[in-house]
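Results of the structural survey
Single-letter residue listing:
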Amino acid sequence: MNKKVLVKIVEKLNDDKKEILKTIDLEERNDIAIVESENVTGDIVDTANTVYELQVTNRLSEKEQERLNEIVNALKRIEENVYGRCVDCGNEIEEKRLLAIPEAKKCIVCKSAEEKRKF
Ligand SMILES: [Zn+2]
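So, a few notes on the structure that sits alongside this text.

A short note on unusual backbone geometry
Glycine aside, a negative phi is what most residues show, and trans is what most peptide bonds show. Look at asparagine 81: it is not a glycine, yet its phi comes out positive at around 65°. Take asparagine 81: it is sitting in the loop between α4 (62-79) and α5 (95-100).

Here you go:
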């Protein structure tokens, strides 16, 4: 995949992530910040992240939580260099599709097949 496209996608994913986290009001976000700073000591950064995620997801609707998970997973796939491939057939997902839905993990063919199964 074109690096410029990938950079754009990472930006979009991070923006979307921020958008979702913005739905948590300021007061609650302060609580989360406190929990975070109390836990970020020495080598327990991972624990802090877990606590943070837990605190955040408790305050999101199921739909927002699901979307957040998809976004986090997409960012993880980018890190692992497996981003942009369909998890079903292994073909590359169209760039246009990824730009529209950066967290997409299936190509359009597999996605529509999945949707047909659902309905
Ligand atoms: Zn596919």
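Read on for the rest.
Some details on the packing of helix α1 (residues 3-22) against α4
Look at α1 against α4: their axes get within 10 Å of each other, and the N-to-C directions meet at 150°. The angle between α1 and α4 places the two elements in the roughly antiparallel class. Our pair here, α1 against α4, has a crossing hand that is left-handed. Residue-level inspection shows Leu6, Val10, Leu13, Asp16, Lys17 and Ile20 of α1 in contact with α4, the latter providing Glu64, Arg67, Leu68, Ile71, Ala74, Leu75 and Ile78. The class makeup of the residues in the contact of α1 with α4 is nine nonpolar, no polar and four charged.

Comments concerning the environment of valine 109
By secondary structure assignment, the location of valine 109 is in helix α6 (residues 108-118). Given 13 C-beta atoms within a 10 Å radius, valine 109 is considered partly exposed. Along the backbone, valine 109 and isoleucine 93 are 16 residues apart, and their C-alpha atoms lie at a distance of 9.5 Å.

About the cut-offs
- Residues numbered from 1 in each chain as written.
- Predicted model: local features only at pLDDT ≥ 70, side-chain atom pairs only at ≥ 80, totals over all residues.
- Helix = DSSP H or I, 4+ residues; strand = E, 2+ residues; numbered from the N terminus.
- Axes fitted to C-alpha atoms, helices over the stretch in contact; angles between N-to-C directions.
- Parallel < 35°, antiparallel > 145°, perpendicular 65-115°, else oblique.
- Left-handed = near helix turned anticlockwise from the far one by under 90°.
- Contact = placed C-beta atoms within 7 Å.
- Nonpolar A, V, L, I, M, F, W, Y, C, P; charged D, E, K, R; others polar.
- Buried ≥ 20, exposed ≤ 12 C-beta atoms within 10 Å, placed from the backbone.

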